[in-house]
Amino acid sequence: MFRALSARLFQGYRTNKFPAAAPALPERFRGRPVIAADAKLDPSCCPTGALGKDCLDMGRCIFCGNCSKCGVVFTKEYRLGAFDRSSLIVKQGEELPEVVVKKDTPMAKLCSKSLKIRQVSAGGCSACELDFNVLGTLAWDMGRLGIQVVASPRHADCLLVTGPVSKNMLTALKKTYDAMSEPKFVIANGACAISGGLFAGSDEICAPLDEIMKVDFYVPGCPPHPAVLLEALVRFKGGSAGAI
Amino acid sequence: MNTNIFLTLENGQSADAGMLAGVEFNTFRSAVTTAVKNGCRVLDLFAEKKDNSNIHKLICILGDPVRRCFKLLSTDVGSSYNALTPECGAFRWFERDIAERTGIIPSGFEDIKPLRFIRNSGIHPDAWKREEILPGDAVCKELGGSSAHEVAVGPVHAGVIEPGHFRFQCFGEEVHRLEIFLGYQHRNIEKLILSAPNNDFALKLIETVSGDSSCAYAWCFSQLLEALSGGVAVPPAGSALRIISTALERIANNTGTLGALAGDVAFLPTSSFCGRIRGEYLNLTAELAGNRFGRGYIVPGGVRYGIDREVTKKILDKMEKVDRELEHALKLMFDTPSVLDRFENLGTVSGEDAAFYGITGAAGRACGLKCDARHDFPPASGSIEPYITGTANAGSVLARAQIYQREALSATVEIKEILNSGIDLNSNYQSAPAADCQPNRIAVSVIEAWRGEVMQYAVTDENGKIKFFRCIDPSLHNWRALELAMRGTQISDFPICNKSFNLSYCGVDL
Ligand code: SF4
Ligand code: SF4
């Protein structure tokens, strides 16, 4: 007991200040891209087909930075989550947009104080799950914001899906969704779930997720940084979080 | 026995594809099994269809830790052949793979099951004559008697974790036998890699085979490309930064594993400290790469970015503090008798079983095997003398936990030594972009990831494009160890045993 207490003293209080303050992001962090009006984009440098002639689809983007060579600039804007798929398209010449906060969605009305999430990993590389798990550690402690992971789909308000929905996971994913009681919401987390990401060309996957079930929120990234995901979850349930 | 029939390759070296000798099957079988019994590691066994025929080429890749090289041999097989598994358990999952992908039935391998439940393997009828292929759908040998029962778990588990299906044959609470069925994450990466328009895109795919080992995978693939393009010298700074990023990956994962183990035995202090500390190391990786998993960092010829003195100092200062916190958090757990009591003598795999089944990496070392690719097959780019962190003999959950602890702590020393060595890490970290791969070459590349060795094998066609590719995650060798470890334990021991291996599902599923 004494050892545990003194260990606690040594390790200190380590939960970060987010969302009250902006999260600490690495120097080389690649956040929301902007494309200068005069940039000459080269779609062939993009491994996922996210880059077009005059736009960039964050839903397909793995934020690899290849396109920095042809004029895409990655800002430190980490508030990437979006309520609809079309908001993930970055157009050439467009400035950083205002972050959308919605306080009147069904999710906000029901889950603003308490959001119970059932996560299903459906294909993918596991990094999305790992960085979602991070939100449960004391560094981020999403519990303090009323967000909790539950084991049973029956207890869940929301299904958070990662991965490109491999054919071998389709049934299990649908069954999990069906086991949730209404009203229920779905978050597509990561490029894989949103669009298939790097695996979009595979004949063994079923992504995009929103062709399988109704998706209420999109979180781009490969994987989304914990700050991106936590900010997204806060906004998903009607809040607004953090600043740059 | 003539041992020179093998094609011998060093790590990151290529040869003319025609040099891979084909021998008669019986010669193949005895050469390969004898070599394994004499201490070679099984790295891969697979079948490649010969054009327009019903004949397959069976290719075996072994690692010879004494001569520090790889040995390759091939033979032709028809619709069946005399299985290698009964003699060398290490071939077990590979022969399941062969049966599933080709329909060839290795005779004498009783009770062979599919590995990934791939739907469109294009084989009709398949080895099991299945009408419909459903994941996890295989018959398990059941126990008789009224107190025997079967428990099925997954694919969707209670926590935030990858999907897999576990079937326990139990006698009361006691687990008699466990069988593991994977394939839920199958996304056909090998095929995507072959169809990738260029090697850079293929590299991005490789990093997602098992997302927690991206650095090791990228290093392995870069080394493979360097070999296929005729040998590229990686400058010292590039080599050092590869070692640093892969060591950070090791620390982060080992820390996460130990924290999760603490959580599974409800020792909350270490569980919560480690959860946070793991993140600190991922953040250091992000300082190098811009991504917490090191995506895009290791590239052919070296690494993508260097680090200047300021960042070097920032990393050193951070590590000065976090390393102590890590050491402290782990010591707290390993000094707690109730935790040790739970870990000790649990989920034990004997040294003989580990050797027979070819268990590798940290889990193998915990059984007393001397297997560490950092030592046995040093990377071609040269490395600072690798740290061998010893082996523990018990093969239990505790032994594995101790290995993770030692290796995490020694990796922190390794990184700081490089950073303090005064080597300039901000220039000359990538040699000129690698030339295209040469035509008709064959190469094997192995890198020790935090779990064990990652192996990649490729053959190029007459235009220098990769036409055949194999990628083996250490987990493919080690899932068998979890099946064995569970025998005689209780079902309630499963989370701790499973976590103590912390194997990759997607790395096997591909
Ligand atoms: S950062 Fe995104 S858009 Fe740019 S090349 Fe990479 S995947 Fe394509
Ligand atoms: S989006 Fe990227 S990180 Fe997430 S599962 Fe897919 S490949 Fe992995």
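Residues numbered from 1 in each chain as written. Chains lettered and ligands numbered in written order. Predicted model: local features only at pLDDT ≥ 70, side-chain atom pairs only at ≥ 80, totals over all residues. Heavy atoms only, no water.

## A closer look at the overall build of chain A
Put simply, the rule is: Secondary structure elements follow DSSP: runs of H or I of four or more residues count as helices, runs of E of two or more count as strands, with numbering from the N terminus. For a compact globule the rule gives 2.2 Å times the number of residues to the power 0.38, and the radius of gyration it is set against comes from C-alpha atoms. Burial classification: accessible surface area is computed with a 1.4 Å probe over protein chains only, and a residue below 20% of its type maximum counts as buried, one above 50% as exposed, and the rest as partly exposed. Contacts between residues were defined by any pair of non-hydrogen atoms, one from each residue, lying within 4.5 Å. Where accessible areas are quoted, they stem from the Shrake-Rupley method and a 1.4 Å probe; at the residue level, only the protein chains shown are allowed to cover.
Assigned secondary structure in chain A consists of six helices and nine strands. For a compact globule of 244 residues, the expected C-alpha radius of gyration is about 18 Å, and chain A comes in at 18 Å, within 12% of that figure. Its C-alpha atoms put chain A at 60 × 40 × 35 Å along the principal axes. Here chain A holds 244 residues, and 59% of them are scored as buried. A sequence separation of at least 24 residues applies to 78% of the contacts in chain A between residues at least 6 apart. When the accessible surface of chain A is totalled, it reaches about 9,800 Å², and 55% of it is carbon and sulfur.

## Remarks on the overall build of chain B
Heads up, the rule is: For the purpose of counting charges, residues Lys and Arg are taken to be positive, whereas Asp and Glu are taken to be negative. His and the chain ends are not included. Just so you know, the charge point we use is NZ for Lys, CZ for Arg, CG for Asp and CD for Glu.
The helix and strand inventory of chain B stands at 16 helices and 16 strands. On C-alpha atoms alone, chain B measures out to a radius of gyration of 22 Å, which is about the 24 Å that the 2.2 N^0.38 rule sets for 510 residues. The dimensions of chain B, computed from C-alpha atoms along their principal axes, are 60 × 60 × 40 Å. Residues classed as buried in chain B amount to 64% of the 510 residues present. About 17,700 Å² of surface is accessible on chain B, with carbon and sulfur atoms providing 50% of the total. Looking at chain B, you have 52 positive and 61 negative side-chain charges, and the mean spots of the two groups are 1 Å apart.

## Points about the sheet that holds strand β10 (residues 165-171) of chain B
Residue and element names in this part refer to chain B. Definition in use: What makes two strands pair is DSSP finding at least two bridges between them. Orientation is described by lines fitted to C-alpha atoms, with helices fitted over the stretch in contact, and by angles between N-to-C directions that extend from 0 to 180 degrees.
Across the sheet, which stays open at both edges, the three strands sit in the order β9-β10-β11 with antiparallel pairing between neighbours. Here the strands that pair on one side only, and so sit at the sheet edges, are β9 (148-153) and β11 (174-181). If you compare each strand with its neighbour and ignore which way they point, the axes differ by 20 degrees on average. Seen against the sheet, helix α14 (residues 474-485) touches β10 and β11 and runs at an angle of roughly 160 degrees to β11.

## As for the layout of surface pockets
How we decide: With a 1 Å grid spanning the protein atoms alone, the term cavity applies to any set of points in which a 1.4 Å probe fits but cannot get out, the term pocket to an open set with protein on both sides within 12 Å along at least five of seven lines, and the term lining residue to any residue with an atom within 4 Å of a point. Grid points are joined across faces, edges and corners, and a volume is the space filled by probe spheres set on the points. When residue character is reported, Ala, Val, Leu, Ile, Met, Phe, Trp, Tyr, Cys and Pro are called nonpolar, Asp, Glu, Lys and Arg charged, and the others, Gly included, polar.
Its volume calculated, the largest pocket comes out at about 1,400 Å³. Lining the largest pocket are 45 residues, and of these N133 of chain A together with V160, I161, A260 and K499 of chain B lie nearest its centre. Only α3 (127-133) of chain A together with β10, α6 (236-264), α7 (268-289) and α15 (494-501) of chain B provide two or more residues apiece to the lining of the largest pocket. Ranked by residue count, the leading element in the lining of the largest pocket is α6 of chain B, at eight residues. Grouping the amino acids of the lining of the largest pocket by side-chain chemistry returns 22 nonpolar, 16 polar and seven charged.

## Some thoughts on the site of ligand 2
Operational definition: The nearness test applies per residue and asks whether one of its heavy atoms lies within 4 Å of the molecule or strand.
Around ligand 2 sit G124, C125, A127, C128, G190, A191, C192, G221, C222 and P223 of chain A together with T208 and R295 of chain B, and that is every residue in its neighbourhood. Neighbouring residues of ligand 2 are not confined to a single chain but are spread across chains A and B. Of all the secondary structure elements, the ones that give two or more residues to the shell around ligand 2 are α3 and α5 (190-195) of chain A. Among the elements that line the shell around ligand 2, the one with the most residues is α5 of chain A, at three residues. Its residues placed into classes, the shell around ligand 2 shows seven nonpolar, four polar and one charged.

## Focus: the site of ligand 1
The immediate surroundings of ligand 1 are formed by 13 residues, with C46, C61, C64, G65 and C67 of chain A found nearest. Taken together, the residues of the shell around ligand 1 sort by class into ten nonpolar, three polar and no charged.

## With respect to the packing of aromatic side chains
Condition: The criterion for an aromatic pair is that two Phe, Tyr or Trp rings (for Trp, the six-membered ring) have centres within 6.5 Å, with stacked assigned to planes under 30 degrees apart, edge-to-face to planes over 60 apart and tilted to the rest. In this analysis the charged atom, NZ for Lys or CZ for Arg, is taken to sit over a ring once it is within 6 Å of the ring centre and within 35 degrees of the ring normal.
Applying the stated criterion across every chain, the model contains 20 aromatic pairs over all chains. Among the aromatic residues, those joined into a cluster by ring pairs are F166, F168, W479, F494 and Y505 of chain B. Over the ring of Y177 of chain A we find K184 of chain A; its NZ or CZ atom is 4.2 Å from the centre of that ring. Directly above the ring of W93 of chain B sits R96 of chain B, whose terminal nitrogen or CZ lies 4.6 Å from the centroid.

## Observations concerning the confidence of the model for chain B
Inclusion rule: pLDDT is defined as a per-residue confidence score from the predictor, taking values between 0 and 100.
Across chain B, the average pLDDT comes to 90, with 97% of residues at or above 70. Complex prediction metrics read pTM 0.95 and ipTM 0.93.

## Quick word on the interface of chain B and chain A
Note: interface size is frequently given as the accessible area lost on complex formation between the parts. Quick note on the threshold: Two parts lose some accessible area (1.4 Å probe) when they are put together, and adding that loss for both gives the buried area. The term salt bridge refers to a side-chain nitrogen of Lys or Arg lying within 4 Å of a carboxyl oxygen of Asp or Glu. Residues adjacent in sequence count toward polar contacts only when both atoms are side-chain atoms; beyond that, a polar contact is any pair of N or O atoms within 3.5 Å, and within protein one must be able to donate a hydrogen and the other to accept it.
Residue-level contacts link 63 residues of chain B with 59 residues of chain A. Contact between chain B and chain A buries roughly 4,800 Å² in total, counting both sides, with carbon and sulfur atoms accounting for 55%. The interface formed by chain B and chain A holds four salt bridges in total. Residue R14 of chain A pairs with E280 of chain B through a salt bridge whose shortest N-O separation is 3.8 Å. For the pair chain B and chain A, the interface holds 26 residue pairs in polar contact (both at pLDDT 80 or more). Of all the secondary structure elements, the ones that give two or more residues to the side of chain B that touches chain A are α3 (189-195), α4 (199-206), α7 and α8 (309-334) of chain B.

## What to know about the packing of helix α13 (residues 397-420) of chain B against α15 of chain B
Residue and element names in this part refer to chain B. Inclusion rule: It is the rotation of the near helix from the far one that decides the hand of a crossing: anticlockwise by less than a right angle makes it left-handed, clockwise makes it right-handed.
At their nearest, the axes of α13 and α15 sit 9 Å apart, and the two run at 35 degrees to each other. Between α13 and α15 lies a crossing whose hand is left-handed. Packed against α13, whose contacting residues are V397, R400 and Y404, the element α15 presents I496, C497, S500 and F501 at the interface. Residues of the contact of α13 with α15, tallied by class, amount to five nonpolar, one polar and one charged.

## Section: the pairing of β11 of chain B
All names here are of chain B. Summarising burial for β11: six of the eight residues are buried, a large majority. In the sheet, β10 pairs with β11 via seven bridges, with the strands oriented antiparallel. If you follow F171 over to β11, its bridge partner there is E174.

## What to know about the pairing of strand β16 (residues 466-472) of chain B
All names here are of chain B. Counting buried positions over the seven residues of β16 gives six, a clear majority of the element. Where strand β15 (residues 453-460) lies against β16, six bridges are found, and the strand directions are antiparallel. By the bridge assignment for β16, V459 is matched with F468. Hairpin connection from β15 to β16: five residues lie between these consecutive antiparallel strands, with G464 at a positive phi of about 80 degrees.

## So, the environment of C111 of chain A
Residue and element names in this part refer to chain A. As for its position among the elements, C111 is in helix α2 (residues 106-111). When the C-alpha positions of C111 and G52 are compared, they lie 37 Å apart, and in sequence the two are 59 residues distant. The residues touching C111, leaving out its near neighbours within four places in the chain, are D157, F185 and K237.

## With respect to the pattern of salt bridges
Tallied over the full model, the rule gives 41 salt bridges over all chains. The closest approach of N and O atoms between K314 of chain B and E287 of chain B, which form a salt bridge, is 3.3 Å. Of this pair, K314 of chain B sits in helix α8 while E287 of chain B sits in helix α7, and the two are 27 residues apart along the sequence. K314 of chain B sits in the partly exposed class, given a relative accessible area of 43%. Measuring nitrogen to oxygen at the nearest pair gives 3.6 Å for the salt bridge that ties R365 of chain B to D372 of chain B. The class for R365 of chain B is buried, based on a relative accessible area of 2%. One network of salt bridges, in which partners are shared, links R14 of chain A together with R276, E280, K318, K321 and E325 of chain B.

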